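Residue strings, one per chain:
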Amino acid sequence: MIYVCVPVHNEARTAGLVLWKVRQVFTAFPREYQLLVLDDASTDDTHEVLASYAKVLPMSIVTHRERRGYARSLEELLRLALQRTDRPKRDCAITLHADFVHSPESMEDMVKHLESGADLVVAELVEQRGRTSRALALARRWTPRLLRVAGLRDTVSGFLALRLVVLRQALRRDTPQFLQTEGWCASAELVARLAPHARRLDTVPAAARYDLVQRPSRVKPWRQLLEAWRARSVIRAARTAVALLLIAVGLHAQSDTASRTDSAPPDSAHATFPQDMAIVPPPAAVPFAVGERLVYGARYGPFSVGTATMEVAGIDTIRGVEAVHFVFLIDGGALWYHIHQNLESWVGRHDFRSRRFLNQTEEKGKSWERRFDIYPDSGFYREAGRDTAVATVTDPLDDAAFLYWIRTVPLEVGKRYEYRRYFRPERNPVIVEVLKRERVGVAGKKWNAIVIRPRIPNGGGIFAEKADARMWLSDDSLRVMLALQSKFSFGQVTLKLKEIGSIKENSAARPEHP
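The rules we used
Residues numbered from 1 in each chain as written. Predicted model: local features only at pLDDT ≥ 70, side-chain atom pairs only at ≥ 80, totals over all residues. Heavy atoms only, no water. Helix = DSSP H or I, 4+ residues; strand = E, 2+ residues; numbered from the N terminus. Buried < 20%, exposed > 50% of the residue type's maximum accessible area, 1.4 Å probe, protein only. Contact = heavy atoms within 4.5 Å. Areas by Shrake-Rupley, 256 points an atom, 1.4 Å probe, with all protein chains shown as cover. Pairing = 2+ DSSP bridges. Core = buried A, V, L, I, M, F, W, Y, C linked by side-chain atoms within 4.5 Å. Axes fitted to C-alpha atoms, helices over the stretch in contact; angles between N-to-C directions. Parallel < 35°, antiparallel > 145°, perpendicular 65-115°, else oblique. Left-handed = near helix turned anticlockwise from the far one by under 90°. Nonpolar A, V, L, I, M, F, W, Y, C, P; charged D, E, K, R; others polar. Phe/Tyr/Trp six-rings, centres within 6.5 Å; stacked < 30°, edge-to-face > 60°. Arc of directions from axis to C-beta. Lys, Arg positive; Asp, Glu negative; His and termini not counted. Salt bridge = Lys/Arg side-chain N within 4 Å of Asp/Glu carboxyl O. Polar contact = N/O pair within 3.5 Å; in protein donor to acceptor, adjacent residues only side chain to side chain. Patch = residues over 30% accessible without salt bridge, like charges linked within 9 Å, V, L, I, M, F, W, Y side chains within 5 Å.

(A) How the structure looks around the overall build of the chain. Regarding its fold elements, the chain presents 9 helices and 22 strands. Looking at the chain as a whole, 57% of its 514 residues qualify as buried. By sequence separation, contacts in the chain at least 24 residues apart represent 67% of the contacts at least 6 residues apart. With the model as given, the accessible surface of the chain reaches about 22200 Å², and the carbon-plus-sulfur share is 49%.

(B) The pairing of strand 4 (residues 92–95), seen in detail. Of the two faces of strand 4, the one carrying Cys 92 and Ile 94 and the one carrying Ala 93 and Thr 95 are both buried. As paired elements, strand 1 (residues 2–8) and strand 4 share 4 bridges and run parallel to each other. When the bridges of strand 4 are listed, Val 4 appears paired with Ile 94. Note that strand 4 and strand 6 (residues 160–163) share 4 bridges and pair antiparallel. Pairing of Cys 92 across the sheet is with Arg 163, part of strand 6.

(C) Local environment of the nonpolar core. Membership of the largest hydrophobic core comes to 60 residues, with the highest contact counts inside it found for Phe 352, Leu 411, Tyr 419, Ile 452, Met 471 and Leu 482. Of all hydrophobic cores here, the second largest spans 37 residues; its members include Val 4, Met 59, Val 204 and Tyr 210.

(D) Quick look at the packing of helix 1 (residues 15–28) against helix 2 (residues 46–54). Relative to each other, helix 1 and helix 2 sit at 25 degrees, their axes nearing to 9 Å. As far as their axial angle goes, helix 2 and helix 1 are roughly parallel. When the axes of helix 1 and helix 2 are compared, the crossing they make is right-handed. Each of Ala 15, Gly 16, Leu 17, Leu 19 and Trp 20 in helix 1 lies in contact with helix 2, whose residues at this interface are Val 49, Leu 50 and Tyr 53. Residues that form the contact of helix 1 with helix 2 fall into these classes: 7 nonpolar, 1 polar and no charged.

(E) Region of interest: the packing of aromatic side chains. Going through the model one piece at a time under the given rule, you end up with 17 aromatic pairs. Summarising the aromatic geometry, the rings of Phe 326 and Tyr 404 are spaced 4.0 Å apart at their centres and angled 10 degrees between planes, so their arrangement reads as stacked. Remark: Tyr 404 occurs in helix 9 (residues 399–405) and Phe 326 occurs in strand 11 (residues 321–334); sequence separation between them is 78 residues. Phe 326 gets classed as buried once you look at its relative accessible area, which sits at 0%. Summarising the aromatic geometry, the rings of Tyr 375 and Phe 380 are spaced 4.7 Å apart at their centres and angled 20 degrees between planes, so their arrangement reads as stacked.

(F) Main features of helix 2. Among all positions in helix 2, only Thr 46, Val 49 and Leu 50 are buried. Projected onto a plane normal to the axis of helix 2, the buried residues spread over an arc of 95 degrees and lie on a single side. Buried residues along helix 2 sit in contact with strand 1, helix 1, strand 2 (33–40) and strand 3 (59–64).

(G) Here's a closer look at unusual backbone geometry. Of the consecutive residues Asn 428 and Pro 429, the connecting peptide bond is found in the cis state with omega at 5 degrees. Looking at where Pro 429 falls in the secondary structure, it is placed in the loop between strand 17 (416–419) and strand 18 (430–442). Even without glycine at this site, Ala 41 takes up a positive phi of about 55 degrees. Mapping Ala 41 onto the fold places it in the loop between strand 2 and helix 2. A relative accessible area of 16% places Ala 41 in the buried class. In this structure, Arg 319 is a non-glycine residue whose phi angle is positive, near 50 degrees. Relative to the elements of secondary structure, Arg 319 occurs in the loop between strand 10 (303–318) and strand 11. Exposure remark for Arg 319: the relative accessible area of 39% places this residue in the partly exposed category.

(H) Expanded view of the packing of helix 3 (residues 70–84) against helix 7 (residues 184–194). The geometry of helix 3 relative to helix 7 is characterised by a closest axis approach of 9 Å and an angle of 35 degrees between their N-to-C directions. Side by side, helix 3 and helix 7 meet where Tyr 70, Ala 71, Leu 74 and Leu 78 of the first sit next to Ala 186, Ser 187 and Leu 190 of the second. When its residues are assigned to classes, the contact of helix 3 with helix 7 shows 6 nonpolar, 1 polar and no charged.

(I) Local environment of the side chain of Arg 479. Along the polypeptide, Arg 479 turns up in the loop between strand 20 (470–474) and strand 21 (481–488). Despite being buried, Arg 479 has no salt bridge partner; Asp 475 is the closest side chain of opposite charge, sitting 5.2 Å away. In this structure the side chain of Arg 479 is engaged in a polar contact, spanning 3.1 Å, whose partner is the backbone oxygen of Val 409. Beyond its immediate stretch of four places on either side in the chain, Arg 479 contacts Pro 287, Ile 406, Arg 407, Val 409, Leu 411, Ile 450, Leu 473 and Ser 474.

(J) Quick look at a nonpolar patch on the surface. Side chains of Leu 138, Trp 142 and Trp 222 sit close together on the surface and give an oily, nonpolar patch of about 330 Å² of accessible area. Its place among the elements puts Leu 138 in helix 5 (residues 134–146).

(K) Representation of helix 7 within the structure. Among the 11 residues of helix 7, 11 are classified as buried, and the element is accordingly described as predominantly covered. Among the residues of helix 7, those classed as buried are Trp 184, Cys 185, Ala 186, Ser 187, Ala 188, Glu 189, Leu 190, Val 191, Ala 192, Arg 193 and Leu 194.

(L) Just the pairing of strand 18, in detail. Looking at chain direction, strand 17 and strand 18 are connected through 4 bridges and run antiparallel. Bridged to Tyr 419 within strand 18 is Val 430. Bridge count for strand 18 against strand 19 (residues 445–455) is 11 bridges, and the pairing is antiparallel. Opposite Val 432, over in strand 19, you have Pro 454 as the bridge partner. Counted along the chain from strand 18 to the antiparallel partner strand 19, the turn is 2 residues long, and its residue Ala 443 has a positive phi close to 50 degrees.

Right under this line is the structure:
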């Protein structure tokens, strides 16, 4: 189902024609569709026009007795579409203006992009037909430059198609008001909030049809530019909140995916190297002791968005095996959004193989938990709440354990290593390229560091191929993670070490390396 969302205010001269044009598009391009139209307290004959077309079109009308503005009207229509769908991964919504600035013919191209795999398609109004005032043209040119969203030239067109699952993800924090700006700014804000949840964002070129508009523009150019300048912080905040969410989700993206595999062939390879690589025996002990605690600051550009801690919490016993307990915490947020995430890992003290992995997440009062018990000796893992046992690799590692294990292996500048140790076999291999050595300043001092590029070609999150992640490890016996950097569609997120606590040369408390 395609839900065409049309907010309307005093558009009696064009609204009916726009709706009939939508019908013509989907008659020539057969798709199941439904028109959702909101009359935002019109004072002309818009209500009568809509009522007459509702008799012959698949159409629902929502009416406001008092005007609430474009942003509130658009948000209400999108929420209505999400409420009506029973297949949000398949169904989509299209936002369309009723003044004929948007050409409904472009919807066919937008739907084709969705059907080919895109989650969000934005019609960029790159061509203008008809004349507008010089001031309006100038404002239309500069507003998108003030309200930037990565991957888009035109952020304020207001003409887009989205898979409804993307809207559901963007709305899952259940904020009382999704869009906080108005007019062109609201169009940019909508894209900024949706884009980080879209696996693929496409654009299609379209023309702004000012030659068909039947009324003077309601946009006050200079006021619009001023509002765009003020709205920059809202757009940045929308991206920042999602940035923190994604760095949290990314750290466990390999184990927490929407598509779960019930079975996979076991992988007996411990690690594979191309023939031109040296295979160096592992060290006898690991470079961290019980009690080590590392504190990081999370930053998105110039903005601080939270903290993260990594801790070697203690020695526990899992199914009769001594296991080192690692804890990785993320806590932070921006504006109304807050996230607290706890990743815990238990690895064998003598063989460094994962036995248990726990992910607990709380966002805005909502919480969930995923727990995996891993049986390396038997070759399978099991997720709590599911009866199916799934094959694992010979020497499994989970997400949190990998961040510690990478500190234990020999890394030589210029080498490329492949490891098949991730506990979900379909996500392997994990590739580590050792790029260079450099000096970095964190935690109040200068460090000699090794820069590595970790990536998981078959996975997602912060170590996905396109994320181009970088990790800085101290070039000494401790191999402390000094910084972690990863790219998303909206920009770059960085964790930097702020504090170091209880790093001790206490080999008696250390797990032995296999």
